[in-house]
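Listed here are the chains, written in short residue letters.
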Amino acid sequence: MSTREKSYPAGSFSSSHEGGRLAPAAVAAANRYALTLLLAMGGMLVWQAITYFGSIPRWQLPSPWEVLQVLGSEPGLMARHALVTAQEALAGFAIAVALGFALAVAISHSRVFERAVYPYVVASQAIPIIAIAPVLVIWFGFGLTPKIIVIVLITFFPVAINTVDGLRNVDRDMLTLMRTMGASQWQVFRMVKFPSALPLFFSGVKIAAAVSVIGAILGEWVGANEGLGYLITVSKAQFLTARVFASILVLSLMGIALFFFVSSIERWATPWARRDAGPSVDMETRR
Amino acid sequence: MVTAASGPAPQAAFRVLVQGVSKSYHDRHRELPVLRRVSLSVRDGEFVSIIGPSGCGKSTLFNIVSGVVPADEGRVYVNGEETRNRVGLVGYMPQKDLLLPWRTVLDNVVLGMEVAGVKRAAARSEAMPLLAAFGLAGFEGVYPHALSGGMRQRVAFLRTFLFHRDVLLLDEPFGALDALTRSTMHEWLLGVWEKLGATILFVTHDVEEAVLLSDRVYVMTARPGQIKMELGIDLPRPRHYDMTMSQRFLEQKSVLVQALRDESIEAMETMAAPA
Ligand SMILES: Nc1ncnc2c1ncn2[C@@H]1O[C@H](COP(=O)(O)OP(=O)(O)OP(=O)(O)O)[C@@H](O)[C@H]1O
Ligand SMILES: [Mg+2]
């Protein structure tokens, strides 16, 4: 047949398929992060220069070096509070993903449920979190619960909306094909709808991952006695601005870590979507 | 089933019996009649082809027979019974390959078996040896987006075959194949058909293919599709490619080509002037 077929080696194909792509992918990744790091270093240099040559008081803008020094001089303090925030963010994120997914499945499978619930899902995003967070503190105290509620409120939405779209966008002809085979509802969901919706589901989950850290801070802002959000509030009051910046730095690292964690799960769960091998032949041959 | 009391019913003699089936599609503005009182029959173990101009309703007819689209009127008997819910009774290869992008070649091929409840491991080990026969050896772990159109079609065909039904509806199964691969697939299909005694209803645009493979050929009119002609192919079996040069083959082929040409001209005219 065509040269396209011959270009693949025979034999244990799946492993060679992966292996052939891994090395260039790793190089590409290294290149990409090298650029990111370079940009960060450049930014820090500029920042350092501004604080060094400019006449901004340190309590207004500490130098990056001072920020890093906070991390070095108070590692225990930072770690303790970071751990609390990470816990809140992870718990809220996990619950939001589960809730968002369950809602999406229910919405896309039941007209009645969709009519009844979908408007409220959308309306939930109009709730001013800042306004109800204090109420949550009154109800649930300073503990984990009000933070988790805030995070879930913010992050279940992108998961639910994207997954609903994913479940709706499934190829109707594939559903018909499954019907010709006499597939059950559950089989259709498991074999077609769910995998078809996975890429959009992961888009939603990635947004949720990035936002969940903000949710944790928001929750801590209103009422907490630990966590990075609490630390920021306290440090700001004492004009320990370098510590505020250090906390923000740790927060962003947490957000990035969660995001890349989700990304790697996505790559593992949707191997067919990795099309970096070049243009798809679908364009020419799919009928 | 329906007339069990009064001896063997006439439909019991057929694997597939279509009687007076009509179908229209509607959109907001108008009605599109697609099939008009189509009747056809396929006996047990028979190989029957349908040819007809594009858009005359062949795929629609297959959708009706397989049970995923309801007919407006008429009756459909599969295996001698008129079942309201007959999905899953026949093996259906749709015109589009509809491979699932998230399944590898091997897992696409075993889809029907999995739906039927076969354990994936067992299904895979049954399918593996067949991949080679279909020119797919070494591609079992590849996702469909990396396949050529012809390979995709062979995967879809194998998926239908492995669904293990006595009646197969094949909607242009070899349309995307080059002549050489196509002839290999013809030989393979004829071999399987003879060995298993399967009953095949086959849609094609290729008249030569229809004559070479079939016991009988139905020609359909332009939309709304009706049966225009039925031709028994009286070439001996087993069939070979050498026969395509024989006098009898060419005669039968030209009868079909002529019938089809008249319809295609009409089809183009009706397309140019929409109702
Ligand atoms: N689901 C549908 N809704 C509306 N119209 C449809 C639908 N399916 C098919 N049609 C129309 O019915 C007609 C017949 O379609 P069909 O696919 O059965 O033709 P066909 O004979 O298989 O054509 P081809 O040889 O090109 O595959 C076409 O005009 C098509 O537009
Ligand atoms: Mg068709």
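Here the residue index of a chain counts from 1 through its sequence in written order. Note on labels: chains are lettered from A, ligands numbered from 1, in written order. Per-residue local features are limited, in this predicted model, to residues with pLDDT of at least 70; the limit for side-chain atom pairs, both in listing and counting, is 80 or more; totals at the level of whole chains, interfaces and linings are taken over all residues. Hydrogen atoms and water are omitted, and side-chain values are computed over all heavy atoms in the structure.

Visitor: So, the overall build of chain A: which residues are in play, and what are the values?
Guide: Counting from the N terminus, the helices are the DSSP runs of H or I reaching at least four residues and the strands are the DSSP runs of E reaching at least two. Tallying secondary structure elements over chain A gives 12 helices and 0 strands in all. Beginning at the N terminus, the succession of helices and strands in chain A can be written as α-α-α-α-α-α-α-α-α-α-α-α. For chain A, the proportion of its 287 residues judged to be buried stands at 38%. Note on contacts: a residue pair qualifies if any of its non-hydrogen atoms lie within 4.5 Å across the two residues. Expressed as a percentage of contacts within chain A between residues at least 6 apart in sequence, the contacts between residues at least 24 apart total 73%. Accessibility throughout is a Shrake-Rupley quantity obtained with a 1.4 Å probe, and a residue counts as covered only by protein chains that appear here. Carbon together with sulfur atoms contributes 70% to the accessible area of chain A, which is approximately 15800 Å² in total. Exposure categories follow from relative accessible area, calculated using a 1.4 Å probe and restricted to protein chains: below 20% of the type maximum is buried, above 50% is exposed, and the middle band is partly exposed.

Visitor: So, the coordination of the magnesium ion (ligand 2): which residues are in play, and what are the values?
Guide: Residue and element names in this part refer to chain B. For the magnesium ion (ligand 2), every protein donor is listed as Ser59 (OG) and Gln95 (OE1), and the spread of their distances is 2.0 to 2.1 Å. Here the residue Ser59 occupies a position in helix 1 (residues 58–66), and Gln95 occupies one in the loop between strand 5 (91–93) and helix 2 (105–109), the gap between them amounting to 36 residues. The partly exposed category is assigned to Ser59, whose relative accessible area is 22%. Water is absent from the atoms considered, so a metal site may look incomplete; donors are defined as N, O and S atoms within 2.8 Å of the metal, or 3.2 Å for Na, K and Ca.

Visitor: Which residues make up the pairing of strand 8 (residues 216–220) of chain B, and what values go with them?
Guide: Residues and elements named next belong to chain B. Burial of strand 8 is extensive: 5 of the 5 residues sit out of reach of the surface. Side chains of strand 8 alternate between two faces, with Arg216, Tyr218 and Met220 and Val217 and Val219 buried alike. Examined bridge by bridge, strand 3 (residues 47–51) and strand 8 share 4 bridges and lie parallel to one another. Counted as the bridge partner of Ser49 is Val217 from strand 8. Two strands form a pair only when DSSP identifies at least two bridges running between them. Relative to strand 9 (residues 227–232), strand 8 runs antiparallel, the two being bridged by 5 bridges. Bridged to Met220 within strand 9 is Ile227.

Visitor: How would you sum up the sheet that holds strand 2 (residues 31–43) of chain B? Please name residues and give values.
Guide: Two strands in a sheet stick together by hydrogen bonds in their backbones, pointing the same way (parallel) or opposite ways (antiparallel). Residue and element names in this part refer to chain B. Ordered in space as 2-1-4, the 3 strands form an open sheet in which the pairing is antiparallel. Lying at the two open borders of the sheet, with one neighbouring strand each, are strand 2 and strand 4 (73–78). Ignoring strand direction, the axes of neighbouring strands in this sheet form an average angle of 20 degrees. Here strand 1 (residues 14–26) pairs with strand 4 via 5 bridges, running antiparallel. For Leu17, the partnering residue across the bridge sits in strand 4 and is Tyr77. Fitting a line to C-alpha atoms yields each axis, with helices limited to the stretch in contact; the angle taken between N-to-C directions then spans 0 to 180 degrees.

Visitor: Go over the domain arrangement of chain A, please, and point to the residues and values.
Guide: Residues and elements named next belong to chain A. When its domains are assigned, chain A resolves into domain 1 (12–55) and domain 2 (62–286). Throughout, the edges of the domains are those of an automatic or database domain assignment. For domain 1 and domain 2, the distance between their C-alpha centres works out to 24 Å. Listed by partner, the interface residues are 7 residues for domain 1 and 9 residues for domain 2. Taken together, the two surfaces of domain 1 and domain 2 that pack against each other cover about 680 Å², and 68% of this comes from carbon and sulfur. Salt bridges, as used here, are contacts in which a Lys or Arg side-chain nitrogen is within 4 Å of a carboxyl oxygen on Asp or Glu. Where domain 1 touches domain 2, the interface holds 0 salt bridges. Whenever two N or O atoms come within 3.5 Å, that pair is a polar contact, provided that in protein one can donate a hydrogen and the other can accept it, and provided that, for residues adjacent in sequence, both atoms are side-chain atoms. Summed over the shared surface of domain 1 and domain 2, the number is 2 residue pairs in polar contact (both at pLDDT 80 or more). Among the residues making up the side of domain 1 that touches domain 2, the classes are represented as 3 nonpolar, 2 polar and 2 charged. A simple way to read buried area is as the amount of 1.4 Å-probe accessible surface that goes missing from two parts once joined, with both sides added. Each residue is assigned to one of three groups, with Ala, Val, Leu, Ile, Met, Phe, Trp, Tyr, Cys and Pro labelled nonpolar, Asp, Glu, Lys and Arg labelled charged, and all others, Gly among them, labelled polar.

Visitor: Got a sec to walk through the site of ligand 1? Specific residues and values, please.
Guide: Residues and elements named next belong to chain B. Around ligand 1, the surrounding shell holds 14 residues, and the nearest of these are Ser54, Lys58, Ser59, Thr60 and Arg223. Within the backbone of Cys56, a nitrogen or oxygen atom sits 3.2 Å from an oxygen atom of ligand 1. The contact in question runs from an oxygen atom of ligand 1 to an N or O atom on the side chain of Lys58, over 2.7 Å. A total of 640 Å² of accessible area belongs to ligand 1 in isolation, and the protein chains cover 64% of it. When residues in the shell around ligand 1 are grouped by element, the largest group, 3 residues, is from helix 1. Residues are counted as near a molecule or strand when any one of their heavy atoms sits within 4 Å of it.

Visitor: Lay out the interface of chain A and chain B with the relevant residues and their values.
Guide: Taken residue by residue, the interface counts 33 residues in chain A and 43 residues in chain B. Where chain A packs against chain B, one counts 1 salt bridge. A salt bridge links Lys96(B) to Asp173(A), with the shortest nitrogen-to-oxygen separation between them at 2.3 Å. Linking chain A with chain B are 5 residue pairs in polar contact (both at pLDDT 80 or more). Elements with a contribution of two residues or more to the side of chain A that touches chain B: helix 1 (3–6), helix 2 (13–53), helix 8 (172–180), helix 9 (185–222) and helix 12 (282–285) of chain A. The biggest single contributor to the side of chain A that touches chain B is helix 8 of chain A, with 7 residues. Residues belonging to the side of chain A that touches chain B are distributed by class as follows: 14 nonpolar, 9 polar and 10 charged.

Visitor: Residue-level account of the side chain of Thr104(B), with values.
Guide: All names here are of chain B. With respect to the element layout, Thr104 can be found in the loop between strand 5 and helix 2. Note on Thr104: relative accessible area 14%, which makes it buried. Once you skip the residues sitting within four places of it in the chain, Thr104 turns out to touch Glu140, Gly141, Val142 and Tyr143.

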